Amino acid sequence: MKITIEPLEFPLCVKEKLMKIPKISKLHIEFVNGKNIHFDKTNLSINEPHKIIISNEESCIIILSYPNDNNLYLKDSLEIIIISKLSEIILNM
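Okay, so let's go over this structure.

Rules used in this analysis
- Residues numbered from 1 in each chain as written.
- Predicted model: local features only at pLDDT ≥ 70, side-chain atom pairs only at ≥ 80, totals over all residues.
- Heavy atoms only, no water.
- Buried < 20%, exposed > 50% of the residue type's maximum accessible area, 1.4 Å probe, protein only.
- Helix = DSSP H or I, 4+ residues; strand = E, 2+ residues; numbered from the N terminus.
- Polar contact = N/O pair within 3.5 Å; in protein donor to acceptor, adjacent residues only side chain to side chain.
- Contact = heavy atoms within 4.5 Å.

1. So, unusual backbone geometry
Positive phi is not limited to glycine here, since Lys 41 has a value of about 65 degrees. Accessibility expressed as a relative area gives 87% for Lys 41, which makes it exposed. Although it is not a glycine, Asn 68 sits at a positive phi angle of roughly 60 degrees. Relative to the assigned elements, Asn 68 resides in the loop between strand E6 (60–65) and strand E7 (72–74). Judged by its relative accessible area of 86%, Asn 68 falls in the exposed class.

Printed below as a string of structure tokens:
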């Protein structure tokens, strides 16, 4: 079975919103692009979400951002997280 992997570009609007959060510049932030994975000769495909990894010496948070979805999700709970809540989490890191 042949598999086609199409990398997706990380949305700039999400990056801009995150960089406006106070104290975010003191943390390590990594933006990982998502992918569309399509299984050729089938109607099956998988959308791997974009990942935002925010970390410091003590803790790490992984946030998921799906294509064509304006919401952000915490990886472990798939809870929808808004920018103001994310700002609170970052201030407590």
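Let us keep going from here.
2. Description of the side chain of His 50
For His 50, the position within the fold is in strand E5 (residues 50–55). Under the relative-accessibility criterion, His 50 is labelled buried at 3%. At 2.8 Å, the side chain of His 50 forms a polar contact with the backbone nitrogen of Gly 34. Not counting chain neighbours up to four residues away, the residues in contact with His 50 comprise Leu 8, Glu 9, Phe 10, Pro 11, Val 32, Asn 33, Gly 34, Ile 63, Leu 64, Ser 65 and Pro 67.

3. As for the environment of Leu 78
Relative to the assigned elements, Leu 78 resides in the loop between E7 and strand E8 (80–81). Once residues lying within four places of it in the same chain are set aside, the contact partners of Leu 78 are Leu 64, Tyr 66 and Tyr 73.

Fair warning: the whole summary comes from geometry, so function is off the table for now.
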